[in-house]
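Given next are the chains, with one letter for each unit.
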Amino acid sequence: MLKKIQKRTITAVNSLQKGQAVIMIDDSDRGNYSNIIFAGESITPEKITFMLQNTSDMIYLAMDSTQAQRLNLISNGDAKQGIFTKDRAQIIRMVSSSNTKSEDLIKPDNLFPLIANDKGVLAKNSYTEATVDLMKLAQLNPCGVFCKLMHKNSSIMNTDQLKIFAKTHTIPLLTIQELYLYRLATEKFLEKKVSTPIPIKNIGTLEMSVYQDKYTQEEVIVMSKEYRHNTPLVRIHSSCITGDLFGSLKCDCQNQLHYALNTIHQEGGYVIYLQQEGRGIGLINKLKTYNLQINQNMDTIDANLALNLPIDARKYDLAIQVLKQYNVKKCKLLSNNPDKKNALKNVGIKAQLVKCGSCFNKYNKTYLQTKIDRMNHQI
Ligand SMILES: Nc1nc2c(ncn2[C@@H]2O[C@H](COP(=O)(O)OP(=O)(O)OP(=O)(O)O)[C@@H](O)[C@H]2O)c(=O)[nH]1
């Protein structure tokens, strides 16, 4: 799976390097439309004409924040522009060039400048980020144009029509999700900030390391112990202040954390502590869902949904990045949650699920039963 994604991404990158196009597909549940992308630095009037013939005429000009700030493109332009393709092509090339200065540029009225998040598709599932990410992967100036593919009657192309269009014009297809997984699997964006041994009550000494996401400064804590086998034990634990810290009996979190620390102290491996309280909805919302569970007899899933929150908002990108730091390609994953195993599998890390010490009590039995019945957990 990952090999196929790598191949498709490299084909797309090569196409941009040759001055050709890429078709990017949004495969999320937002409507499945697609955009054609060209590198800004090699745009020509002919390519603009091709875009205008096959797309809506809204041409978006995506760039990274450095280029946008340098050219002062954050506000809307005040100068009048022609709508001719040659004017548009010239402006795109100027905006895409690292030699252009702000004063050289007449602000574009017929192009829509968009500034990408610095973390790209790893932070935001959108065409602006996808366009700039592709330019960076192709080692081109981080600026490109994209435009929504459409039939002449303004209807959006469905997947089959899209494949025919791509084949006819020999343009590679790539989804935003594929680009996301490619970057997650091939890049390293965590920086190790510090590491020190910590003696832990009733367990023993483990090495505590703190890593930081270089884009967002988000921190990840890793408790580790050297291991002799080539398959380490790994626990990816999401923070639960009620359970982990205060010993709440409403969940199994503290049991699992202590079990993992103990086992990893004995056998070696990593506890990766992710700061995504309440399955990623935060402490305030988690406690609100507790009230719904108490007062309205809802289970842990329906309580999230009643607050218009996702059932599980967690991502495992930072855990994957930690495993990349330690060069872990396969592991024994202390977890009952198949989502964690799948997240690792998507980026080529083999994980074998090993049950992680849940303990039933009268306060958490409904919660654990819901995880078995509705979240596919193997407790
Ligand atoms: N929204 C919500 N979050 C909860 C509730 N009870 C516990 N949590 C959170 O659920 C998460 C549990 O994380 P983990 O123990 O890493 O993961 P898991 O999905 O239970 O899977 P395991 O690896 O088997 O433990 C923590 O972030 C808790 O704060 C609840 O009723 N509602």
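By convention here, each chain's residues receive numbers from 1 onward along its written sequence. For this predicted model, a pLDDT threshold of at least 70 governs which residues receive local features, and a threshold of 80 or more governs which side-chain atom pairs are given and counted, while totals over whole chains, interfaces and linings are taken from all residues. Computation of side-chain values covers all heavy atoms of the structure but excludes hydrogens and water.

Some thoughts on the packing of aromatic side chains
To describe a pair of aromatic rings, one takes the distance between the centres and the angle between the planes.
Okay, step 1: Only rings of Phe, Tyr and Trp enter the pairing, Trp through its six-membered ring, and a pair is recorded when the two centres are within 6.5 Å. The plane angle decides the type: under 30 degrees is stacked, over 60 is edge-to-face, the rest tilted. Summed over all chains, the structure comprises eight aromatic pairs.
Okay, step 2: Here the aromatic rings of Phe-189 and Tyr-215 are separated by 6.0 Å at their centres, their planes lie at 50°, and the arrangement is tilted. One end of the pair, Phe-189, is in the loop between helix 7 (176-186) and strand 7 (190-200); the other, Tyr-215, is in the loop between strand 8 (204-213) and strand 9 (219-225), and 26 residues separate them in sequence.
Okay, step 3: A ring pair is formed by Tyr-227 and Tyr-270, whose centres lie 5.9 Å apart and whose planes are at 80°; its orientation type is edge-to-face. In this description a helix means any DSSP run of H or I spanning at least four residues, a strand means any run of E spanning at least two, and both kinds are numbered starting from the N terminus.

Observations regarding the pattern of salt bridges
Okay, step 1: Any carboxyl oxygen of Asp or Glu that lies within 4 Å of a side-chain nitrogen of Lys or Arg is treated as forming a salt bridge with it. Throughout the structure, instances matching the rule amount to 11 salt bridges.
Okay, step 2: A salt bridge links Arg-314 to Asp-312, with the shortest nitrogen-to-oxygen separation between them at 2.9 Å.
Okay, step 3: Accessibility here uses a 1.4 Å probe with only protein chains present; expressed as a share of the type maximum, an area under 20% marks a residue as buried, one over 50% as exposed, and anything in between as partly exposed. Judged by relative accessible area, which is 16%, Arg-314 ranks as buried.
Okay, step 4: If you follow the salt bridges from partner to partner, you end up with Asp-133, Arg-183 and Glu-187 in one network.

Describing the nonpolar core
Okay, step 1: As used in this record, nonpolar core signifies buried Ala, Val, Leu, Ile, Met, Phe, Trp, Tyr and Cys residues forming a set joined through side-chain atoms within 4.5 Å. Among the nonpolar cores identified, the biggest contains 53 residues, and Met-24, Leu-134, Ile-236, Ile-272 and Leu-344 are the most heavily contacted of them.
Okay, step 2: Here this core gets seven residues from one element, more than from any other, and that element is helix 7.
Okay, step 3: Two domains share this core, each providing at least three of its residues, namely domain 1 (2-184) and domain 2 (188-276 + 314-374).
Okay, step 4: Membership of the second largest hydrophobic core comes to 29 residues, among which are Phe-50, Leu-61, Ala-89 and Val-145. Domain start and stop points were drawn from an automatic or database domain assignment.

Describing the site of the ligand
Okay, step 1: By convention in these notes, a residue is near a molecule or strand provided one of its non-hydrogen atoms lies within 4 Å of it. If you check the shell around the ligand, you find 26 residues, and the closest are Arg-235, Gln-256, Ser-335, Lys-340 and Lys-371.
Okay, step 2: Polar contacts, as counted here, are pairs of nitrogen or oxygen atoms within 3.5 Å of one another; within protein the pair requires one atom able to donate a hydrogen and one able to accept it, and residues that are adjacent in sequence qualify only if both atoms are side-chain atoms. Lys-286 places a polar side-chain atom, nitrogen or oxygen, 3.1 Å from an oxygen atom of the ligand.
Okay, step 3: Within the side chain of Asn-337, one N or O atom sits 2.9 Å away from an oxygen atom of the ligand.
Okay, step 4: When contributions to the shell around the ligand are tallied by element, the ones reaching two or more residues are strand 10 (233-238), helix 10 (277-280), helix 11 (283-295), helix 12 (300-306) and helix 15 (365-374).
Okay, step 5: Residue polarity is assigned by list, with Asp, Glu, Lys and Arg as charged and Ala, Val, Leu, Ile, Met, Phe, Trp, Tyr, Cys and Pro as nonpolar; anything else, Gly included, falls into the polar class. A class-by-class count of the residues in the shell around the ligand yields five nonpolar, 14 polar and seven charged.

A closer look at the pairing of strand 7
Looking down a regular strand, the side chains alternate between one sheet face and the other.
Okay, step 1: The pairing criterion for strands is at least two bridges between them, as found by DSSP. Across 10 bridges, strand 7 lies against strand 8 in antiparallel orientation. Note on strand 8: the bridge partner recorded for Ile-198 is Leu-206.
Okay, step 2: Hairpin connection from strand 7 to strand 8: three residues lie between these consecutive antiparallel strands, with Asn-202 at a positive phi of about 65°.

Overview of the UniProt feature "domain: GTP cyclohydrolase II" (unreviewed entry) in the chain
Okay, step 1: Mapped onto the present numbering, the UniProt feature "domain: GTP cyclohydrolase II" (unreviewed entry) falls on residues 192-350.
Okay, step 2: Spanning residues 192-350, this segment combines 39% helix with 28% strand, and its end C-alpha atoms are found 24 Å apart. UniProt positions are given in the numbering used here, feature names are shortened, and annotations may be inferred rather than shown by experiment.

A closer look at unusual backbone geometry
Okay, step 1: The phi dihedral of Gln-217 falls on the positive side, at around 65°, and the residue is not glycine.
Okay, step 2: By the element assignment, Gln-217 lies in the loop between strand 8 and strand 9.
Okay, step 3: The residue Asn-308 is not glycine, and still its phi comes out positive at about 60°.
Okay, step 4: Positionally, Asn-308 belongs in the loop between helix 12 and helix 13 (317-325).

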